[in-house]
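Secondary and tertiary structure notes
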Amino acid sequence: MIADLIAKVKIWLDYKLHKKDFTQDAIRAVADLHSGSREYNHRLHALSIIHWCFLSLFRSYASDKWREKKGGQLPDFELQPENVNIGILACGGIGDFLMLANYIYLFRKKFNSPCVRVYLLYDRNKKAVPSIFGRDLVDGLGYITHGELYGGFHQKFDLFMEVSRFPKITHLDSGKIATTYPELAGFAQSIQAFYYENKRQLDYPAWDGQAGLVSIIQGKKRIQQMDFDGSLGIAEEFVYPMFIDEDAQLHTMDKFGLHEKRLIVIVNDADNQNGGGRSNKVWPRSYCDIFFEKVSKKYPQYTLCQLGGAPSGEAYAGVHYDLRGLTTLEETKVLLQNAQLLIGCEGGMVHLRHALHGGPSLVLFGPTDERFFGYSENTNLRGTGCQTPCEWMYDGWTTNCMNAVSNACMYSLTPKVVMEALDDMLEETRVE
Amino acid sequence: MKKVISVAVRMNRDLGSVLVGLNFLQSIQMLPGNADIKFELFMEAPGPTVQSVLAEMFDTAVAGTEEEFAALDRKDYAIIVDLDILPILIWGDWHLLRQVPELLRLGKMWEKNAQDKFYTAFYRRNRAWSYPYLLRILSQQGKTFLNAPDIDGTLGIRDKYTIKLSCDPNINTCIARNRQYISVHTGQSAKFSTVQWAPKQFEQVIAILRSEYPQYAIVQLGLPGEKDKPLKGVDLCLTDGKDWEKIKYILENAAVHIDYDSGLVHLRKALHGGPSVVLFGPTSPEFYGYGDDLAVRGSACDVWCMQLTDQWNTVCQKSRGTASCMASITPQMVMQSVQKAFSMQITEIAATKCSDEVFLSAYRSPEPKEIEAFVKQKGIFDNEAIVLPASELYVCAFDGQKAVRMPLAESPMIRYLQGNTTAYKKEIRIRGSQKGVFRYTREEFDELIKQLKRDGMQPDGCRVVATANNVIEGGEHQAAIWMHLFGPDVPIRVTRVYKYETVISEPEKAAKAKEHRGNNAL
């Protein structure tokens, strides 16, 4: 018991003193100062550090969450030593979570043994996780801050990995895995070998854009990227059977008065991390007003329904139903599944519709690459203004533009271009 | 006597980088000022080719290694620059640089750029790793390998070398003086295996050349250190790199040069030679190509992968074996380009020229010809002719120092016509203090009113150009006159242009949204 207590104190101290996100952030900030091209004298450096530290007083770090959670419990998964306990940290946004769900599903199919237990940890998107990972995909779900996790918690598992673009093993008890479930040892080894060959793309998110380019060369889509050696056989099709809450399934369409309506869903938003409404991914509002007004006149048989987070402005002209901020994720799933078409910028909702096998979407691409993020059943549009997707190419790529003609990617997707694509989709009877 | 200021420059040691660097330095040397600029070059163990080029251009050897560059005593130099793709300022003595004001300005820009997180954050962290990003950004901005160091175009570097390397015109090339020839470089022994094209393919090209162009001799070239095997069918083989002067002479005078993306292509350009047919694989033709060369790229892979992985130059990410991009280049594709080179049908691939900016008058309605020219500008992606009531139009006006979207009905022009001159005077004053905005004068407005009265006004006689947000871009004063005279519902003929726009004021957004609220079923 005393040993247990000492271990807990050690973890706590370790976390408090060394493993806080703040510390890592500070190290990064100092490294940035040193990587400047011009060497300043040490006084200027010191002043910059003081300035940075002063600003940090007003920033939010994991340590704040720790205090909030004081008295709370770390996830208790009741790990059994006779099992192979695998922990996975979900990283990224809703789209990334969906890819991961599909990955875990196929992983479990391949390593289908009662002794393999998979536990999912997450430090973001609290509300979305249960809705995406469902009830049966993993043996346990738990919220944890990054600091808490790497304060020693990850070592409780026999194999722990972070999965963002690729799986990356951060803890491995190779001896136990080799004896308990040898098939998994080879899998873990290949992940580790891949890591050492491609460290840059796994260690720094800034090189995610390059990892995407490599995948394009290899003919892989985002959904297939984490299956880097093809060992899980992930294809473009989403095979994980995404569940929808029964209650939502039964009542959503009636609740919003959309029953028996031919629905076109509009999603033109990005998450706050990617600049929200200011994101370069988002189609210009003025274009939306013109376009959707024309759509509502040209195709009166369709009902236009705008989805998204809490509204920052009014709905687009021509939109019949503004449901932004009014739907739960379960209700959103129902709408996405029942809509005849989705029109919008590339993002999580397009991936969710693909995962739900909802049908085709008309997707407007800007900073991200349609060859990598686009699905074959969709119409993936890129404007002529900028042929170089710039995801991750420079700091601030989500909201700033490097093109000589600002935001040429989205502004060159004029209402006329999108209308032609829509006409094609509706005439081709791809949309029923 | 002019003062001499010293400039230390670190360069990469490959032939292409050195030539581009020397071109850049010569442009700097031409900058006007009260001091002569003396360059000291630092690079890691330059090969004999580079040494010969440096000796010709600078009449001096390399001053030191990269290690010595890192340990330079700054006091001895006016400016210290690390030249990779872009110049990065290491040190600048602003006081000394006052002697050459343009260099002082450039130095400050290089310093700012190097610290600018937006532009070069990744570049600073790891240069080679950042190439796949940086080169794509530069290409997007119309930059090439040659003119990328000239960041803002001050030095006037475009797509031609200003330096001119020379070669001995009397050299004995072992080819009859009056005989024309085609040069070929295969680089079989180059260390980068993914950029190479199979010698057999080259031999097929040579066989076709011999049958289609029998009057041309075929000369195979090589760089010092390379030991390419002679190809079947060549008339002369200079692949040991020993006959450097001969190689230069042949490169300068060859009718066409066929090569992969190697230093010899850059050398031919620096010698002001003719067109080359360049086989591109892992490197970017947009960035490393020249406007008057012919880039050949296979169809197997449309993503250039230079520096995308640590093994980019030895392992193809697509096939994990032979580079599929190079393997998909066929002898027929090369021959097509050779034929184009002979017929001089060269399509420019770099430094595309922008059309001149067209300005519309803020006063009178633009003429149809002016509108036609306006909508053809770069950055205008579409246009359509519509008719809108004047009440739905907006102008860009100043609210304090901030430009906002203001309804035409509330604009300073309308208020001026209603007899309230204060708002218009204020607008004139603020516009006068702002950069890059059209300036208004009362005289011109008054003159327009008089002229329109003289010529007569019809209700449907007003034309404007407006953005997707209905902000008038030309003819706003005339639209105000029409609205004042014929009322808010007067139809205005609008050419709506689809382009990027920044000025959208929040209150107006909300106002427009209110109109749409009626459409909302909920």
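Now for a look at the structure at hand. Just so we're clear, the structure is a prediction, and the values are computed from it rather than from any experiment. (Residues numbered from 1 in each chain as written. Chains lettered and ligands numbered in written order. Predicted model: local features only at pLDDT ≥ 70, side-chain atom pairs only at ≥ 80, totals over all residues. Heavy atoms only, no water.)

Concerning the sheet that holds strand β1 (residues 84–90) of chain A
All names here are of chain A. Our working definition: Two strands pair under a simple rule: DSSP has to find at least two bridges between them. Numbering of helices and strands runs from the N terminus, with a helix taken as a DSSP run of H or I at least four residues long and a strand as a DSSP run of E at least two residues long. Lines fitted to C-alpha atoms define the axes here, with helix axes fitted over just the stretch in contact, and angles between the N-to-C directions of these axes take values from 0 to 180 degrees. Here, residues are in contact when the closest pair of their heavy atoms is within 4.5 Å.
Read from one edge of the open sheet, 5 strands run β3-β2-β1-β4-β5, paired in mixed fashion. A strand with exactly one partner marks an edge of an open sheet, and here the two such strands are β3 (140–143) and β5 (167–172). Recorded for the sheet is a direction-independent mean angle of 25° between the axes of neighbouring strands. Note: β1 against strand β4 (residues 159–163), 5 bridges, orientation parallel. In the strand pairing of β4, I88 is matched with M161. Helix α5 (residues 94–110) rests against β1, β2 (116–122), β4 and β5 of the sheet, and its axis sits at about 170° to β2. On the sheet, helix α9 (residues 182–197) packs against β1, β4 and β5 and is oriented at approximately 115° with respect to β5.

Re a nonpolar patch on the surface
Under the convention used in this document: Surface patches are drawn from residues lacking salt bridges whose relative accessible area is over 30%; two like charges belong together within 9 Å, two nonpolar side chains (Val, Leu, Ile, Met, Phe, Trp, Tyr) within 5 Å. Note on areas: Shrake-Rupley, 1.4 Å probe, and residue coverage restricted to the protein chains presented here. By salt bridge we mean one thing: a side-chain nitrogen of Lys or Arg within 4 Å of a carboxyl oxygen of Asp or Glu.
A grouping of F54, L55, L57 and F58 of chain A is seen on the molecular surface, where their side chains present a nonpolar patch of about 460 Å² in accessible area. Among the structural elements, L55 of chain A can be located in helix α3 (residues 42–56).

What to know about the nonpolar core
The following threshold applies: As used here, the term nonpolar core means buried Ala, Val, Leu, Ile, Met, Phe, Trp, Tyr and Cys residues forming a set that is joined through side-chain atoms within 4.5 Å. Remark: exposure states derive from per-residue accessible area (1.4 Å probe, protein chains only) relative to the maximum for the residue type, with buried under 20%, exposed over 50%, and partly exposed in between.
Counting residues in hydrophobic clusters, the biggest one holds 194 residues, and the most contacted among them are F133 of chain A together with I28, I85, L103, W110 and I258 of chain B. With 9 residues, α5 of chain A is the single largest residue contributor to this core. Apart from residues lying up to four places away in sequence, I258 of chain B is in contact with I182, S183, V184, H185, F202, V205, L209, V277, L279, V334 and V338 of chain B. Formed by 36 residues, the second largest nonpolar core is a distinct cluster that contains I290, L362 and Y411 of chain A together with A468 of chain B.

A few points about the environment of V256 of chain B
All names here are of chain B. Positionally, V256 belongs in strand β8 (residues 256–260). In this structure, the C-alpha to C-alpha distance between V256 and F342, residues 86 residues apart in sequence, is 7.7 Å. Discounting chain neighbours no more than four positions away, the residues touching V256 are Y181, I182, S183, R268, P275, V277, A341 and F342.

Comments concerning the packing of aromatic side chains
Note the following rule: We call Phe, Tyr and Trp rings a pair once their centres come within 6.5 Å, taking the six-membered ring for Trp, and we label the pair stacked below 30 degrees between planes, edge-to-face above 60, and tilted otherwise. A positively charged side chain is recorded as over a ring if its NZ (Lys) or CZ (Arg) lies within 6 Å of the ring centre. The angle to the ring normal must also be within 35 degrees.
Scanning the model with the defined rule gives 47 aromatic pairs over all chains in all. Residues F107 of chain A and F187 of chain A carry aromatic rings whose centres are separated by 5.4 Å and whose planes lie at 55° to one another, so their mutual orientation is tilted. Residue F107 of chain A is found in helix α5, and its partner F187 of chain A is found in helix α9; the two are separated by 80 residues along the sequence. Ring geometry for F157 of chain A and F160 of chain A: centres 5.5 Å apart, planes at 45°, overall tilted. Judged by its relative accessible area of 1%, F157 of chain A falls in the buried class. A relative accessible area of 0% means that F160 of chain A is categorised as buried. Members of the aromatic cluster, connected to one another through ring pairs, are W283, Y287, F291, F292, Y316 and Y411 of chain A together with Y498 and Y500 of chain B. Its end group placed over the ring of W94 of chain B, K108 of chain B keeps NZ or CZ at 5.5 Å from the ring centre.

Here we look at the pattern of salt bridges
Residue and element names in this part refer to chain B. Counting across every chain of the model gives 39 salt bridges over all chains. For D292, the salt bridge goes to K160, with nearest N and O atoms at 3.7 Å. Remark: K160 occurs in the loop between α7 (127–140) and β5 (180–185) and D292 occurs in the loop between α11 (285–288) and β10 (294–297); sequence separation between them is 132 residues. Judged by its relative accessible area of 22%, D292 falls in the partly exposed class. In this structure K160 comes out as partly exposed when scored by relative accessible area, which is 47%. A salt bridge links K248 to E245; the nearest nitrogen and oxygen atoms lie 3.5 Å apart.

Topic: the environment of L362 of chain A
All names here are of chain A. Tracing the backbone through its elements, the reader meets L362 in strand β10 (residues 361–365). A relative accessible area of 0% places L362 in the buried class. With 16 residues separating them along the chain, L362 and N378 place their C-alpha atoms 5.9 Å apart. With residues up to four places along the chain from it excluded, the contact list for L362 reads L341, L342, I343, G344, T379, L381, V418, A421, L422 and M425.

Side note on the packing of helix α1 (residues 15–29) of chain B against helix α2 (residues 48–58) of chain B
Residues and elements named next belong to chain B. Let me state the cut-off plainly: Each angle gets one of four labels, with under 35 degrees taken as roughly parallel, over 145 as roughly antiparallel, 65 to 115 as roughly perpendicular, and the rest as oblique. Crossing chirality is assigned from the near helix's rotation relative to the far helix, an anticlockwise turn below a right angle marking it left-handed and a clockwise turn marking it right-handed. When residues are sorted by character, Ala, Val, Leu, Ile, Met, Phe, Trp, Tyr, Cys and Pro go into the nonpolar class, Asp, Glu, Lys and Arg into the charged class, and all the rest, Gly among them, into the polar class.
In the contact formed by α1 and α2, the axes pass within 10 Å of each other and the chain directions differ by 15°. In terms of orientation, α1 lies roughly parallel with respect to α2. Between α1 and α2 lies a crossing of right-handed hand. Between α1, through L15, V18, L19, L22, L25 and Q26, and α2, the contact on the second element is made entirely by T49, V50, V53, L54, M57 and F58. Grouping the amino acids of the contact of α1 with α2 by side-chain chemistry returns 10 nonpolar, 2 polar and no charged.

Nothing here speaks to function; it is all geometry.
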